[in-house]
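Here is how the chains run, residue by residue.
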Amino acid sequence: MGQETPKAKHARNDSLVVIDNRTGKQYSVPITHNSVPATFFKFIRAPAGPDDRPEDEAERGLRVADRGFLNTAVIESAITYIDGERGILRYRGYPIEQLAEKSTFLECAYLLIYGALPARSQLSHFEREVLLHGIMHADATKFFGSFRYDAHPMAMLTSAFAYLGSYYGEANPSLQGQTLFTKCAKGDPEALQNMDKQIYRLIGKAITLAAMAYRVRQGREFVVPPTGMSYAESFLYQLDHLSPTDSFSASSSASPSPSPYKPHPVLARALDILFILHADHEMNASSTTVLQTGSSLPDPYSAVAAGCASLYGPLHGGANEAVIRMLVSIGSPNNVPTFLAAVKRREKVLSGFGHRVYKTSDPRSFIIRKIADEVFAVTGPDPLLDTAMALHDAALKDDYFVSRKLAPNVDFWSGLIYRAMGFPMDFFPVLFVVPRIVGWVAHWRQMMLSPEGVKIWRPRQIYVGPSERSYVPFDEREAVQGPGKEPSIVIHSG
Ligand code: CMC
């Protein structure tokens, strides 16, 4: 009694009944996976009313408005699930807590991209391919050398991915035909092989390009990716390797080098876990950008470059950098109340708090808090930690933040870890891009493999600008003036 039988469930009429009060007509909209198709509303038409402008196009069908995609599903995905109310994150069904404890970054990458946990041999093959594809063409030295000494690493990395695409004509649908990747959906083995090769390259070269962006600013030689190391170890090695004699050897006694450099195992594992936590987050701003860009079928390198640009903003992957700048500006735990008062007056933002999806807690923030302690045990605590703790505790007790369901997100702690590990502040977003490439390619691949084909992502707008008006000659115009209404007068440097 009281339990719905499977039969009764099928008999249920999963639809939404809509009455258009402009016309009195009734419509039944199908509900699938608890969603209604926005395109259905196009069929709901009415004659223009007295308040409608011609640009509202009432006769051409109802539009669905959703500024900032607050409640619009843009794709069906089998990759990542987030329950923001209950603080749940799962990759292909596996809880993030289990993956962070038991898995490795490249195993998670396999899982996210190909959909299942790999057998040992499948993982070895994938790891080998990814790590083999880490080598960059020697010409890239000239490319990185063309940046100014103080270039932001994200400017370099974003450009580097677009640049990388120029090497691989075989990955460019503009050159090879626009079905180059979409024919993977039919199981074409050659097309799948070509796609996988680009995936290996993108993940493999991500750490190489990131390390190049790091070293170019120090005027240090670039490092050839080592063999025999994990992904995170290889990255740390490429960042920190000091001299040609400082080569890695699995058995140090057999090494010709006096002090072979090997990344600290605790720091390498911490970075690997951080990479797992950042690998995917379903339809976040940058993954959506990659899909939006990918929907017009450019090469995947261009789509990834677009993802980098999106991720870099301080509301997304730039938040870890913004957190540290915020903590530095606060200075000490004593200044926390003044800072929070300014946030509440909306003069400042509490970076590292709040999330579009998580409304109770970000599950990644608990895992990362634990890693922070492990890293600090090796590096010593960060002097900003006390201020961070005071800020964290005060915000969680303050009704302003509690009532808005603002809790610490992954970026509140990640910046402190990166700082303790010695990364410069403006490098933090790079440390987010490197693992997120996996999420981007997983979503891009899923879209290319879609049996329905790829539809170009071309949203609609609600036009609220002027209706048609006639051109006015100079002598008859009244100039529109004021800040924001005309081009600013700028100061020119000599
Ligand atoms: N500090 C102060 N107030 C905030 C904050 C914050 N960090 N975040 C949200 N609010 C307020 C906001 O002003 C609004 O108040 P009211 O209803 O009175 O106008 C309310 O909380 C709801 O916020 P919202 O702007 O509607 O939330 P959103 O979903 O549009 O934005 C967010 C989400 C992450 C952009 C935002 O919380 C934010 O700017 N946080 C700081 C930046 C940050 O830490 N970003 C990293 C996110 S996690 C990494 C990632 O996945 O990219």
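What counts and what doesn't
Residues numbered from 1 in each chain as written. Predicted model: local features only at pLDDT ≥ 70, side-chain atom pairs only at ≥ 80, totals over all residues. Heavy atoms only, no water. Helix = DSSP H or I, 4+ residues; strand = E, 2+ residues; numbered from the N terminus. Buried < 20%, exposed > 50% of the residue type's maximum accessible area, 1.4 Å probe, protein only. Contact = heavy atoms within 4.5 Å. Areas by Shrake-Rupley, 256 points an atom, 1.4 Å probe, with all protein chains shown as cover. Phe/Tyr/Trp six-rings, centres within 6.5 Å; stacked < 30°, edge-to-face > 60°. Lys NZ or Arg CZ within 6 Å of the ring centre and 35° of its normal. Pairing = 2+ DSSP bridges. Axes fitted to C-alpha atoms, helices over the stretch in contact; angles between N-to-C directions. Left-handed = near helix turned anticlockwise from the far one by under 90°. Nonpolar A, V, L, I, M, F, W, Y, C, P; charged D, E, K, R; others polar. Near = heavy atom within 4 Å. Polar contact = N/O pair within 3.5 Å; in protein donor to acceptor, adjacent residues only side chain to side chain. Domains from an automatic or database assignment. Core = buried A, V, L, I, M, F, W, Y, C linked by side-chain atoms within 4.5 Å. UniProt positions renumbered as here; feature names shortened; annotations may be inferred.

### Things to note about the overall build of the protein
Argument step 1. From N to C terminus, the protein includes 19 helices and five strands.
Argument step 2. Within the protein, the fraction of its 494 residues that count as buried is 46%.
Argument step 3. Sequence separation of at least 24 residues holds for 69% of the intrachain contacts in the protein that already meet a minimum separation of 6.
Argument step 4. When the accessible surface of the protein is split by element, carbon and sulfur atoms take 54% of a total near 26800 Å².

### Side note on the packing of aromatic side chains
Argument step 1. Inspection of every chain in the model, using the stated rule, returns 27 aromatic pairs.
Argument step 2. On the basis of an interplanar angle of 85° and a centroid distance of 6.0 Å, the ring pair of tyrosine 114 and phenylalanine 126 is categorised as edge-to-face. In this pair, tyrosine 114 sits in helix α3 (residues 105-114) while phenylalanine 126 sits in helix α4 (residues 120-132), placing the two residues twelve residues apart along the sequence.
Argument step 3. For tyrosine 114, a relative accessible area of 25% corresponds to the partly exposed category.
Argument step 4. What makes phenylalanine 126 buried here is its relative accessible area of 1%.
Argument step 5. By way of ring pairs, the aromatic residues Phe143, Phe144, Phe147, Tyr163, Tyr167, Tyr168, Phe222 and Tyr301 are connected into one cluster.
Argument step 6. Here the basic side chain of arginine 201 rests over the ring of tyrosine 168, its NZ or CZ set 3.7 Å away from the ring centre.

### Focus on the sheet that holds strand β4 (residues 88-91)
Argument step 1. The sheet built from three strands is open, its strands ordered β3-β4-β5 with antiparallel pairing. Each edge of the sheet is formed by a strand with only one pairing partner; in this case those strands are β3 (80-83) and β5 (94-95).

### Some thoughts on the packing of helix α9 (residues 231-240) against helix α10 (residues 265-278)
Argument step 1. Two numbers describe how α9 lies on α10: the axes approach to 8 Å, and their chain directions differ by 115°. Where α9 crosses over α10, the two elements pack in a sense that is right-handed. When α9 is examined against α10, the residues Tyr231, Ala232, Glu233, Phe235 and Leu236 are found in contact with a partner set consisting of Leu267, Ala268, Leu271, Asp272 and Phe275.
Argument step 2. For the contact of α9 with α10, the class distribution of residues is eight nonpolar, no polar and two charged.

### What to know about the site of the ligand
Argument step 1. Every one of the 16 residues lining the ligand counts as a neighbour, but His316, Arg346, Leu350, Gly352 and Arg356 are closest to it.
Argument step 2. Between the ligand and glycine 352, the relevant distance is 2.9 Å, taken from an oxygen atom to a main-chain nitrogen or oxygen of the residue.
Argument step 3. In this structure, arginine 356 approaches the ligand through a side-chain N or O atom, which is 2.7 Å from an oxygen atom.
Argument step 4. With the chains in place, 72% of the 940 Å² that the ligand exposes on its own is no longer accessible.
Argument step 5. For the shell around the ligand, the per-class residue count stands at seven nonpolar, five polar and four charged.

### A few points about the domain arrangement of the protein
Often, the extent of an interface is quoted as the loss of accessible area on bringing the components together.
Argument step 1. In terms of domain boundaries, the protein breaks down into domain 1 (15-60), domain 2 (92-242) and domain 3 (318-421).
Argument step 2. Computed over C-alpha atoms, the centres of domain 1 and domain 2 are 46 Å apart.

### What about the nonpolar core?
Argument step 1. Within the largest apolar cluster, 122 residues are counted, with the highest numbers of intra-cluster contacts made by Phe161, Ile203, Tyr231, Phe235, Leu350, Leu391 and Ile437.
Argument step 2. Inspection of this core shows a minimum of three residues originating in each of domain 2 (92-242) and domain 3 (318-421).
Argument step 3. Among residues more than four places away in sequence, those in contact with phenylalanine 235 are Ile207, Ala210, Ala211, Leu271, Phe275, Phe427 and Leu431.
Argument step 4. If you look at the next biggest cluster of nonpolar residues, it comprises six residues, including Val18, Tyr27, Phe40 and Phe41.

### Some remarks on helix α18 (residues 410-420)
Argument step 1. With ten of eleven residues buried, α18 is to be regarded as a mostly interior element.
Argument step 2. Those residues of α18 that fall on the buried side of the exposure criterion are Val410, Asp411, Phe412, Trp413, Ser414, Gly415, Leu416, Ile417, Tyr418 and Ala420.
Argument step 3. Those residues of α18 that are buried lie in contact with α10, α13 (319-330), α15 (363-379), α16 (385-397) and α19 (428-448).
Argument step 4. Between a side-chain oxygen at the N-terminus of α18 and the backbone nitrogen of aspartate 411 the separation is 2.9 Å; the capping residue is asparagine 409.

### Digging into unusual backbone geometry
Argument step 1. Despite not being glycine, histidine 33 shows a phi value in the positive range, around 50°.
Argument step 2. Position of histidine 33 relative to the elements: it lies in the loop between β2 (25-30) and β3.
Argument step 3. Looking at histidine 33, the relative accessible area reads 70%, which means it is exposed.

### Comments concerning the UniProt feature "active site" (unreviewed entry) in the protein
Argument step 1. The UniProt entry lists His355 and Asp411 under the feature "active site" (unreviewed entry), expressed in the numbering used here. A stretch of 57 residues holds the annotated residues, and the largest C-alpha distance among them is 10.6 Å, short enough that they meet in one place.
Argument step 2. Relative to the helices and strands, histidine 355 resides in the loop between α14 (336-344) and α15.
Argument step 3. In contact with histidine 355, other than residues within four places in its own chain, are His281, Arg364 and Asn409.
Argument step 4. At 3.0 Å, the side chain of histidine 355 and the backbone nitrogen of valine 357 are in polar contact.
Argument step 5. Tracing the backbone through its elements, the reader meets aspartate 411 in helix α18.
Argument step 6. Relative accessible area serves as the criterion here: at 5%, aspartate 411 is assigned to the buried category.

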